[in-house]
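Understanding the architecture of this molecule
Residues per chain, in single letters:
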Amino acid sequence: GESVGLHLPTLSVQEGDNSIINCAYSNSASDYFIWYKQESGKGPQFIIDIRSNMDKRQGQRVTVLLNKTVKHLSLQIAATQPGDSAVYFCAEKKGGGSYIPTFGRGTSLIVHP
Amino acid sequence: SAVISQKPSRDICQRGTSLTIQCQVDSQVTMMFWYRQQPGQSLTLIATANQGSEATYESGFVIDKFPISRPNLTFSTLTVSNMSPEDSSIYLCSVEIQGAGTGELFFGEGSRLTVL
């Protein structure tokens, strides 16, 4: 079936570097994509989203890029800080109007001071 | 946004017993969901908790194993029945805020169950 997945399970970066977390999706009918951050012992927290009619969206220190041609989604974190250490999940909204997202595998981001 | 409180935050349970997890939201919400997150894994939707009617279960999850109550728009419970070690997971309550229309979910802190 169609699914959402991530390329790298763990990403280690130095504090101050930029981080890029990638996600591949296969459901061309998805019209909404979301990135969540889950810190240890906590529930996932919304970071940023993007609709399928957009290629790029920026937030505070974060940017999400969507490449519909190759069905690829990425989350860029600028000037990564130790507080950014967490597991990051991409999620896609099912087609047909459902508001229930399907979550990808997750990438663990480790920021070294 | 929404503040979601889950109880218990963690518990250690014996095989064959059942445990009920509570989820309280600080505002009325239409859509409320229960997710399971097994160790080191992503989130899997168990069911949608429907107010005043039976929950809608995803493939692989059944009411006898995971009975759900939703008596009103701010509260829900999930019971994990006849537990086995394979049920050791984090169980997460989540809500979608009515009117947001963007699919953003808010999550509780989760209930971490360990079944011995």
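This report concerns the structure included in the present document. (Residues numbered from 1 in each chain as written. Chains lettered and ligands numbered in written order. Predicted model: local features only at pLDDT ≥ 70, side-chain atom pairs only at ≥ 80, totals over all residues. Heavy atoms only, no water.)

1. Considering the overall build of chain B
Filter applied, for reference: Think of it this way: any DSSP run of H or I at least four residues long counts as a helix, any run of E at least two long counts as a strand, and we number them from the N terminus. Relative accessibility thresholds used throughout: buried, under 20% of the residue-type maximum; exposed, over 50%; partly exposed, between the two (1.4 Å probe, protein chains only). We score Asp and Glu as negative and Lys and Arg as positive, and we do not count His or the chain ends. For charged residues, the charge sits on one atom: NZ in Lys, CZ in Arg, CG in Asp, CD in Glu.
What chain B contains, in helices and strands, is zero helices and 11 strands. Start at the N end of chain B and walk to the C end: the helices and strands fall as β-β-β-β-β-β-β-β-β-β-β. Once the C-alpha set of chain B is aligned to its principal axes, its extents read approximately 40 × 25 × 25 Å. For chain B, with 116 residues in total, the buried portion stands at 50%. Taken together, the 7 basic and 10 acidic charged side chains of chain B have centroids lying 8 Å from each other.

2. Structural notes on the interface of chain B and chain A
The cut-off we apply is this: Contacts are assigned to residue pairs with any non-hydrogen atoms lying within 4.5 Å of each other. A pair is scored as a salt bridge if a Lys or Arg side-chain nitrogen falls within 4 Å of a carboxyl oxygen belonging to Asp or Glu. Polar contact criterion, stated in full: a pair of N or O atoms within 3.5 Å, where within protein one must be able to donate a hydrogen and the other to accept it, and residues adjacent in sequence count only if both atoms are side-chain atoms.
Chain B puts 19 residues into the contact, and the matching count from chain A is 19 residues. The interface formed by chain B and chain A holds zero salt bridges in total. At the boundary of chain B and chain A, one finds three residue pairs in polar contact (both at pLDDT 80 or more). Looking at the side of chain B that touches chain A, the elements with two or more residues in it are β4 (31-37), β5 (43-49), β9 (89-96) and β10 (105-107) of chain B.

3. Notes on the state of the cysteines
Going by this rule: Disulfide assignment relies on a single distance test, namely cysteine sulfur atoms paired within 2.5 Å.
Evaluation of the coordinates by the stated rule reveals two disulfides over all chains. The side chain of C23 of chain A participates in a disulfide bridge whose partner is C90 of chain A; the two sulfur atoms lie 2.0 Å from each other. When the S-S torsion is 50°, as for the bridge of C23 of chain A with C90 of chain A, the disulfide is right-handed. Here C90 of chain A lies in strand β9 (residues 86-93) and C23 of chain A lies in strand β3 (residues 19-25), a separation of 67 residues in the sequence. Just as C23 of chain A is buried, C90 of chain A falls in that class too. Not part of a disulfide, C13 of chain B finds its nearest cysteine sulfur in C23 of chain B, a span of 18 Å.

4. Focus: the sheet that holds strand β1 (residues 4-7) of chain B
The strands making up a sheet associate through backbone hydrogen bonding, with each pair oriented either parallel or antiparallel. Residue and element names in this part refer to chain B. Worth spelling out the cut-off: The pairing criterion for strands is at least two bridges between them, as found by DSSP. Every angle, taken between N-to-C directions, lies between 0 and 180 degrees, and every axis is a line fitted to C-alpha atoms, over only the stretch in contact when it is a helix.
Spatially, four strands are ordered β1-β3-β8-β7 in an open sheet, and the strand pairing comes out antiparallel. Of all strands in the sheet, those with a lone pairing partner are β1 and β7 (68-72), marking the two edges. The mean inter-strand angle of the sheet, taken between neighbouring strand axes irrespective of direction, is 15°. Where β7 lies against strand β8 (residues 75-80), three bridges are found, and the strand directions are antiparallel. Among the inter-strand pairings, S69 is bridged to a residue of β8, identified as T77.

5. Topic: the pattern of salt bridges
Residue and element names in this part refer to chain A. Tallying each qualifying case throughout the model produces four salt bridges over all chains. Ionic pairing is found between R57 and D49, a salt bridge with its closest N-O pair at 2.1 Å. Residue D84 pairs with R61 through a salt bridge whose shortest N-O separation is 2.9 Å. Separated by 23 residues along the polypeptide, D84 in the loop between β8 (72-77) and β9 and R61 in the loop between β6 (56-58) and β7 (62-67) bring together distant segments of the chain. Looking at D84, the relative accessible area reads 7%, which means it is buried.

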